[in-house]
Structure formats: C-alpha cells, structure tokens
Amino acid sequence: MLSLAGIASADTQGIVRPDPAKSCSDRGFKPHELCFETPKDKIARAEYLSETFYAIILKTAERCTITEEERLQTQKLFPQTKVFSMRFQCDDNIEENISYTNVNDKFGFLAVYAGPSLKEANSQLAEIKTAGRFPGANIRRMQARLVYP
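First, a word on what this report is: a plain description of the structure on this page. Predicted model only: the values in this text are computed from it and were never measured. (Residues numbered from 1 in each chain as written. Predicted model: local features only at pLDDT ≥ 70, side-chain atom pairs only at ≥ 80, totals over all residues. Heavy atoms only, no water.)

1. A few points about the pairing of strand 4 (residues 53–62)
Counting buried residues along strand 4, 7 of its 10 residues qualify, which places the element largely inside the surrounding structure. Bridge count between strand 4 and strand 8 (residues 138–142): 5 bridges; the pairing is antiparallel. When the bridges of strand 8 are listed, Ala55 appears paired with Arg140. Note: strand 4 against strand 7 (residues 107–115), 8 bridges, orientation antiparallel. Along strand 7, the bridge assignment pairs Ala61 with Gly108. (Buried < 20%, exposed > 50% of the residue type's maximum accessible area, 1.4 Å probe, protein only. Helix = DSSP H or I, 4+ residues; strand = E, 2+ residues; numbered from the N terminus. Pairing = 2+ DSSP bridges.)

2. Some details on the environment of Ile128
For Ile128, the location among the structural elements is in helix 3 (residues 118–131). Note on Ile128: relative accessible area 5%, which makes it buried. Through-space distance from the C-alpha of Ile128 to that of Asn138 is 9.7 Å; in sequence the pair is 10 residues apart. The residues contacting Ile128, other than those within four sequence positions of it, are Ile56, Leu58, Phe78, Val112, Arg133, Phe134 and Ala137. (Contact = heavy atoms within 4.5 Å.)

3. Brief notes about helix 3
Over its 14 residues, helix 3 runs 20 Å from end to end, which matches the ideal 20 Å to within 8%, given 1.5 Å per residue. Those residues of helix 3 not exposed but buried are Ala121, Gln124, Leu125 and Ile128. With its buried residues spanning 105 degrees around the axis, helix 3 presents them on a single face. Away from its buried face, by an angle of more than 90 degrees, helix 3 presents the exposed residues Lys119, Glu127 and Thr130. (Expected span 1.5 Å × (residues − 1). Arc of directions from axis to C-beta.)

4. A look at the nonpolar core
Counting 22 residues, the largest nonpolar core has Leu34, Phe36, Phe53, Phe84, Tyr100, Phe109 and Met142 as its most contacted members. At the level of secondary structure, the elements contributing two or more residues to this core comprise strand 2 (35–36), strand 4, strand 6 (98–100), strand 7 and strand 9 (144–147). Ranked by size, the runner-up nonpolar core spans 15 residues in total, among them Tyr54, Leu110, Val112 and Ala114. (Core = buried A, V, L, I, M, F, W, Y, C linked by side-chain atoms within 4.5 Å.)

5. Comments concerning the state of the cysteines
Under the defined criterion, the tally for this structure stands at 1 disulfide. One disulfide bridge connects Cys24 with Cys35, the sulfur atoms lying 1.9 Å from each other. Of this pair, Cys24 sits in the loop between strand 1 (16–17) and strand 2 while Cys35 sits in strand 2, and the two are 11 residues apart along the sequence. Accessibility assignment for this pair places Cys24 and Cys35 in one class, buried. (Disulfide = S-S within 2.5 Å.)

All we've got here are geometric facts, nothing functional implied.
Now the structure itself:
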C-alpha cells in the first residue's frame, strides 16, 4: 500500500503559483520562471510538470535574446499575474532547469500567465489586443517543466 501512494504522488502535477508579488526563489525558481509546487517525496525523476495552464505569448524572439530588464518592464503592465520568459539552456554560468511544453525550443518567448481556463485566457487576450502593445499576442496551452539536473 505504501508503494502505491509513492507512485500516485509521482504522477501528480504541480500547482502553478502565478502571483508576481510572491517570490519562489526559496524553492529554487528564478525571477523569470513561472513557479509551481514541486514534490517533496524524494522520488527520483527526470522531470516534473506543472498543471496545465494558459499563457498569452506576448513576444517571440531569437533564443536567449529576451532580457530580464524587458521582462521586468513588461511585468509592470501586468501587476496581478506573472510575466515569464524562456531562458532554458541560455546561460552557461547559470543552471536553468525550467522549460515549457507546447513551444518551439528554437525560439525564446515572453509570456503572461492567463489562468487555468480558455475563457480566462480569451478575456485577457482581448484586453491585451485592445491595448495594442503586443499585436502578435496569442494564447498557448502549456505546462512548466522542471528538468532535474
């Protein structure tokens, strides 16, 4: 019975924590990453996924070219929800363990968390398009992926 509980917890997905006011650095996440609950069960795994969520891709760019300064400036436009960027395998000196599903790894992106439902994401996308600042903004259903070193 005990081993079944371990198997069940190994198959769970982490709850996303999209509040930009709450740092996740104490859990090993960097400021540009969308953080989520990770297992504390000490079961070895190659990767661990967050729950599925929707994001608005605000900008797509050449890999590793979106800066933290740009992310922080964009975060000011969305004070209630996390703006995150893809930096997986960008910095030689800094260990990057977070990537995202349903994106092309050959490109970088700047995105804002849009909630667990398509309805919420569509509402947020409409607001973003009305503001006109991110003309190519689009919705993406994704998961954050923690890749264990």
